[in-house]
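# Working through the structure, step by step
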Amino acid sequence: MSASMAAPGAAGPGTPSAATPRARRGLVRSRPWVAVLFLLPTLVLLGALVVYPIGYSIVRSLYDAGGSGFVGMRNYGTVFSDPGTLTAIKNNAVWVVVAPSITTALGLIFAVLTERVRWGTAFKLVVFMPMAISMLAAGIIFRLVYEQDPSQGVANAVVAGVHDVFSPSSVYPGARPRPGADLVPSGGGSYTTRSTARPGTPALLPLVGIPETKLPPGAEQAAPPHGGGITGTVWLDFHPGGGGRPGVIDPGEKALKGVTVQAVRGGRVVASARTAADGTFTLPAAAAGARLRLPASNFAAKYGGVDWLGPTLVTPSIIGAYVWMWAGFAMVLIAAGLAGVPRELLEAARVDGANEWQVFRRITVPLLAPVLAVVLVTLMINVLKIFDLVYIIAPGATQNNAMVLALKLYLTSFGGGDDQGVGSAISVLLLLLVLPVMVFNIRRIRRERRR
Amino acid sequence: MTTAPVRRTPALAARLASRAGGGLLRVALIVIALFWLMPTVGLLLSSLRGNADIATSGWWRVLTAPSQLTLTNFRTLLGNSAITHSLLNTLYITVPATVLVVVIGALAGYAFAWLDFRGRDWWFLAVVGLLVVPVQIALIPVARLFGDIGIFGSITGVVLFHTAFGLPFAIFLLRNFFAEIPRELLEAARLDGAGELRIFSTVVLPLGGPAIASLGIFQFLWVWNDMLVALIFANSDSAPITVALQQQVRQFGNNIDVLAPGAFVSMVIPLVVFFAFQRQFVSGVMAGAVK
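Residue numbers here run from 1 along each chain, matching the order of that chain's written sequence. Here every chain gets a letter starting at A, and every ligand a number starting at 1, in the order they are written. At least 70 in pLDDT is required for a residue's local features to be given in this predicted model, at least 80 for side-chain atom pairs to be given and counted, and no such filter applies to totals for whole chains, interfaces and linings, which use all residues. Calculation of side-chain values draws on the structure's entire complement of heavy atoms; hydrogens and water are dropped beforehand.

## Thoughts on the sheet that holds strand 5 (residues 230-236) of chain A
Residues and elements named next belong to chain A. In space, the four strands of this open sheet follow the order 1-4-5-8, with mixed pairing throughout. The strands lining the two open edges of the sheet, one partner per strand, are strand 1 (176-177) and strand 8 (280-283). Only strands joined by at least two bridges in the DSSP assignment are considered to pair. Helix numbering and strand numbering both begin at the N terminus, where a helix is a DSSP run of H or I of at least 4 residues and a strand a DSSP run of E of at least 2. In this structure, strand 4 (residues 203-208) lies alongside strand 5, joined through five bridges in parallel fashion. Its bridge partner lying in strand 5, L204 is registered against T233.

## Details of the sheet that holds strand 2 (residues 183-185) of chain A
All names here are of chain A. Taken in spatial order, the five strands line up as 2-3-9-6-7 in an open sheet, and their pairing is antiparallel. Edge positions in the sheet fall to strand 2 and strand 7 (268-274), since each of these pairs with one other strand and no more. Strand-to-strand, the axes of this sheet are offset by a mean angle of 30°, without reference to chain direction. As paired elements, strand 6 (residues 260-265) and strand 7 share six bridges and run antiparallel to each other. By the bridge assignment for strand 7, A263 is matched with A271. Axes, fitted as lines to C-alpha atoms, cover a helix only where it is in contact. Angles between the N-to-C directions of the axes lie from 0 to 180 degrees.

## Description of the domain arrangement of chain A
What counts as a domain boundary in this text is fixed by an automatic or database domain assignment. For chain A, the assigned domains are domain 1 (3-30 + 61-145 + 309-450) and domain 2 (176-298). On a C-alpha basis, the centroid separation for the pair domain 1 of chain A and domain 2 of chain A is 59 Å.

## Observations regarding the nonpolar core
Within this scheme, the nonpolar core is defined by two criteria: the residues are buried Ala, Val, Leu, Ile, Met, Phe, Trp, Tyr or Cys, and they are joined through side-chain atoms within 4.5 Å. Relative accessible area decides the class of each residue, using a 1.4 Å probe on protein chains only: under 20% of the type maximum gives buried, over 50% gives exposed, and in between gives partly exposed. With 208 residues, the main nonpolar core has W95(A), Y322(A), L389(A), F178(B) and F233(B) as its most contacted residues. With 19 residues, the single largest contributor to this core is helix 8 (residues 314-339) of chain A. Beyond its immediate sequence surroundings of up to four residues, Y322(A) is in contact with W95(A), A99(A), T103(A), M135(A), L379(A), N382(A), V383(A), I386(A) and L389(A). Counting 26 residues, the second largest nonpolar core, distinct from the first, contains I230(A), L236(A), A290(A) and L294(A). By the convention used here, residues are in contact when the closest approach between their heavy atoms is within 4.5 Å.

## Here we look at the domain arrangement of chain B
Residues and elements named next belong to chain B. When the domains of chain B are assigned, the result is domain 1 (3-70) and domain 2 (80-287). One C-alpha centre belongs to domain 1, the other to domain 2, and the line joining them spans 37 Å. Contact residues are listed per partner, giving seven residues for domain 1 and seven residues for domain 2. Across the domain 1/domain 2 interface, buried area totals approximately 600 Å², and carbon plus sulfur atoms make up 83% of it. Sorting the residues of domain 1 by area buried against domain 2 places L43, S47 and I54 first, and these three jointly supply 58% of that buried surface. Here a salt bridge means any side-chain nitrogen of Lys or Arg lying within 4 Å of a carboxyl oxygen belonging to Asp or Glu. Along the contact surface separating domain 1 from domain 2 lie zero salt bridges. Definition of a polar contact: a pair of N or O atoms within 3.5 Å, with one able to donate and the other able to accept a hydrogen when the atoms are protein atoms, and with sequence-neighbouring residues admitted only if both atoms are side-chain atoms. Between domain 1 and domain 2 we count zero residue pairs in polar contact (both at pLDDT 80 or more) in total. Taken together, the elements giving at least two residues each to the side of domain 1 that touches domain 2 come down to helix 1 (3-47) and helix 2 (51-56). Looking at the side of domain 1 that touches domain 2, the element that brings in the most residues is helix 1, giving five residues. Take the accessible area each of two parts loses on contact, using a 1.4 Å probe, and add the two losses: that sum is the buried area.

Pasting the structure below:
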């Protein structure tokens, strides 16, 4: 923790390293047992529940599943050869590289942007808020976001919405002409009339095959075609409660609005129209003599959205949830560092003609490098142990695709599997991975205390 | 005459550009904030809709059909004794685990800051080294240890585990803070004949208020939000809300009417604590940047 990271209104009246050597010498030469008394609870708890377990796990990792047979390094061999654990190692690598970098980058962007806005604090509060909730709650929140059905999950609702703008999805999936109507399949899922369109002879195009409850809300009573030109009606030729006559617009039968009707002559579309709220459509006179076609786009199955929690996307999706939770953390730390960047330096650069991007790239980021490093390393340690989010968000079907080391450890040793040998080996591996940070922390504190 | 407009034009253009840029920035930030809020709003609105509505449409339907809002799910949830029991367990785990970490950490922090004993600096470095030890390393051994002494599956076990893993950070934070207390204050107390425990409780603890508050908030949220430790060391009777809800996740699609309000209830206390003690929480998080 560099001095620039001291919180606004934070813990200390100064930085830890500020203590002078004199102050750090004891207040008085107190009797040793006094110190022992003050430290006893700590020694017992840390000794029994942290230090002893480290030794136990290292030894335990050399024994078999039951703990009675010595197997040497075989458990580690299993960790690095079992396809399940290998997936976990691969995913952990992806996590450690991707999640901290995206989170830190977003945090940096947010910190820089909010600096220029008066209500930046409110923004920070919103982005920081997810830090306060549990990974379980965040997991449930994102299970909802990633629900497959676009009418359930907001992510797919947005994706499907955007998709529909560019290739409109059908309004009436599964609809088909009433048998006996003047419509025949014309390939690719579209239907074309047998007869040709003539002005003054309205075309009646009855459809069936969709339940009335699936119609868009507010579907109107179908109306007979009116007005001149080439006209017609597309409607749901189904009378609720029975009694409707096939091919006739009976009272109570609903119009199908928004259906595309094309006039086709010689294989070319010469005109096109959409049905109105009462199911009627009007084509220009140029369509006379053409056949009417209801293209397949009217009946195609609905676009299902992205398979967020499927085998390929499950890890990126969960990383997305993680970024949502932790970007606020990065932002707050970086903003605190930003407050320590001398304004004059930035102003001087601007006066010299540097644009905002150059100021950001050449001055702000280099000055923030120590803070960015702390944020990155902290997130990396955090991500290494990622468990709850993966366990909650990944559905059973793709849990193996989303597997990470901490989850593998839990599943092999507690949840179902019963191999505490391999579990211990995984835990030792996790400890080894944080060892460099541990050494770094110790050296930094030693350096600070010598000064 | 001719120079004036020339000189003014770039300034005007720059001002216009910066104003437009400022507007764009504001819009962008608002969009991002809404984007960040949306998942949580989705959870809240989902928890306020009946089962039939949840099954047929997304939560955003409520925005146009507010009549769908109902408290039924919350009423059912809070009438479910298993859920309320687990909420109480969360409280019974979190409060002692927070108090113990603060008290034991303060005792040790004081010893490291102001008492003279052999190897003091080395012991402190050892504690610093333990800051980043992952809890995973202790799950298997401690499960066995707790089994041997008969507290596996009990609230006591969960509390002790959280206390132990909260201590390195607590000691680190508090030692650094206590070391900044002016020496004269402590010496004056000593001249008045106060013993170490007296100095600790009447001088150090009151002066350490801000650091203790940060630590307390941080540890409280940490333990309240934990799932992994409780998943292993608690049994069905001592399980906190996170574990109780986790068991419902397998049938996610059918359990939204339980999971959404349940998740929301589990978030209420952390959010209240967060909004009430933002400053302390932020400084705790910042000091904990190595954890």
